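Remarks on the overall topology
Here is how the chains run, residue by residue.
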Amino acid sequence: MEASLTNIRYVRSLLDRHGFHFSKKLGQNFLINPEVCPRIAEMGHAAAGHGILEIGTGIGTLTKELVKRAEKVTAVEIDQRLFPILEETVGQYPNLHIIHQDILKCDIPALLEEEFGDLPVSVCANLPYYITAPILMHLLESRAKLETITVMVQKEVAEKLTAPVGTREAGAITVAVQYYGTVKQLFSVSRGSFLPPPNVDSAVIQIQLGTPYAEQVADEKHFFRMVRSGFSQRRKTLVNALSATMGYDKAAIISALQICQLPETIRMESLTMEQLLLLHRVLLEQFL
Ligand code: SAM
């Protein structure tokens, strides 16, 4: 039997030998489609002169493709039970460092500095789906010096993250991701590509970091509070949502909307990024 991490029989025997059982709670669906990991590694900038931060190694299927191509790979994995398996599957690579930690508890800029020094770094991962949004926000809000984030997410989440701001498909997370970078879908992956197969299809997205809008946001905290408030009550008009959650006077919100040339009945989900930025500035002037 070929000792390949995409050979289902081999993977099952490896897991059996180590007495490993998948944890649903930790989002453990391991990639077994041989075409997917090399594509993620190549499109995710795993190459000489580049560092890669991987989140969630599983048994090392993507890790192996990354470490073969990149200068250095640092992977963060929460499940200690996987470490003896990883020793066997990817233990031979001197340019790989696996850290036993919860990624959400990692200080990302400090980790990058310690692990990669001056190397340009990108993130590549098949994310645990139960914490996709918290991980993306943790990476983005850390302002860590990352070049790209290339990650597998649920197809539905990929659609949401790449939807144009100002359309029904977009949400607060869409605004956040598109504030911190430029996002695109790279390719779709069927549920049969995983062991065990999840209940949904997946897609790989890539965020090219860079904040084209940062100069237009005078107060980032206020901007995101406004966005979250509007989306948390997305069926309400903006006037009702912002007055309820931010405590603004309705007449003042209406006047801000008029300055922005927006109708009184508008909802958060209809505002484009430019309109959100303008409303943020007008509200700040009005209420500070
Ligand atoms: N990269 C592997 C692959 O593609 O086959 C595994 C991907 S699996 C979808 C997600 C992995 O993330 C699992 O190995 C899981 O144990 C790990 N994980 C879950 N929560 C985590 C956390 N908070 N921090 C770090 N790793 C986590």
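Please refer to the structure placed before this passage.
If you're wondering where the values come from, they're calculated on a predicted model, not measured in any experiment.

1. So, the overall build of the protein chain
Looking only at helices and strands, one finds 12 helices and nine strands in the protein chain. Reported as C-alpha extents along the three principal axes, the dimensions of the protein chain are approximately 70 × 40 × 30 Å. Per-residue burial over the protein chain gives 50% buried out of 288 residues. Taking contacts inside the protein chain between residues at least 6 apart in sequence as the whole, the part at least 24 apart equals 67%. As presented, the protein chain carries roughly 13,400 Å² of accessible surface, and 50% of it is formed by carbon and sulfur atoms. Averaged over its 28 positive side-chain charges, the protein chain has a centre that lies 7 Å from the centre of its 31 negative ones.

2. Considering the pairing of strand 4 (residues 96-100)
Relative to strand 4, strand 3 (residues 72-77) is paired through five bridges, and the arrangement is parallel. Residue pairing for strand 4: Val73 is matched across the bridge by Leu96. The parallel pair strand 3 and strand 4, bridged by helix 4 (residues 83-90), forms a crossover whose chirality is right-handed.

3. Observations regarding the layout of surface pockets
Looking at the largest pocket, its volume works out to about 290 Å³. Along the walls of the largest pocket sit 14 residues, with Lys24, Gly27, Asn29, Pro198 and Asn199 positioned nearest its centre. Considering only residue class, the lining of the largest pocket consists of seven nonpolar, five polar and two charged. Considered as a void within the structure, the second largest pocket measures approximately 210 Å³ in volume.

4. Some words on the pattern of salt bridges
If you walk through the whole model with that rule in mind, you get 11 salt bridges. The closest approach of N and O atoms between Glu220 and Arg143, which form a salt bridge, is 2.2 Å. Of this pair, Glu220 sits in helix 9 (residues 220-232) while Arg143 sits in the loop between helix 6 (132-141) and strand 6 (146-154), and the two are 77 residues apart along the sequence. Given the relative accessible area of 42%, Arg143 is considered partly exposed.

5. Structural notes on the nonpolar core
Nonpolar side chains in soluble globular proteins tend to be buried together. Formed by 64 residues in total, the largest nonpolar core has its most connected members in Ile149, Val151, Phe223, Met226, Leu276 and Leu279. Not counting residues within four places of it along the chain, the set of residues in contact with Leu279 comprises Met226, Leu238, Ala256, Leu257, Cys260 and Leu271. In this structure, Val11, Leu14, Ile40 and Val67 belong to the second largest nonpolar core, which totals 35 residues.

6. Considerations on the sheet that holds strand 2 (residues 51-55)
Here we have seven strands laid out as an open sheet, ordered 4-3-2-5-6-9-7, and mixed in their pairing. Each edge of the open sheet carries a strand with a single partner, namely strand 4 and strand 7 (181-189). Direction aside, the axes of adjacent strands within the sheet are offset by 20° on average. Bridge count between strand 5 (residues 121-126) and strand 6: five bridges; the pairing is parallel. Note on strand 6: the bridge partner recorded for Val123 is Ile149. Packing of helix 6 onto the sheet brings it into contact with strand 2, strand 5, strand 6 and strand 9 (202-209), and relative to strand 6 it is tilted by some 175°.

How each quantity is defined
Residues numbered from 1 in each chain as written. Predicted model: local features only at pLDDT ≥ 70, side-chain atom pairs only at ≥ 80, totals over all residues. Heavy atoms only, no water. Helix = DSSP H or I, 4+ residues; strand = E, 2+ residues; numbered from the N terminus. Buried < 20%, exposed > 50% of the residue type's maximum accessible area, 1.4 Å probe, protein only. Contact = heavy atoms within 4.5 Å. Areas by Shrake-Rupley, 256 points an atom, 1.4 Å probe, with all protein chains shown as cover. Lys, Arg positive; Asp, Glu negative; His and termini not counted. Charge placed at Lys NZ, Arg CZ, Asp CG, Glu CD. Pairing = 2+ DSSP bridges. Right-handed = clockwise from strand over helix to strand, strands pointing away. 1 Å grid on protein atoms, 1.4 Å probe; cavity = no way out; pocket = protein on both sides within 12 Å on 5 of 7 lines; lining within 4 Å. Points joined across faces, edges and corners; volume = space filled by probe spheres on them. Nonpolar A, V, L, I, M, F, W, Y, C, P; charged D, E, K, R; others polar. Salt bridge = Lys/Arg side-chain N within 4 Å of Asp/Glu carboxyl O. Core = buried A, V, L, I, M, F, W, Y, C linked by side-chain atoms within 4.5 Å. Axes fitted to C-alpha atoms, helices over the stretch in contact; angles between N-to-C directions.

Shape is all these values report; function is a separate question.
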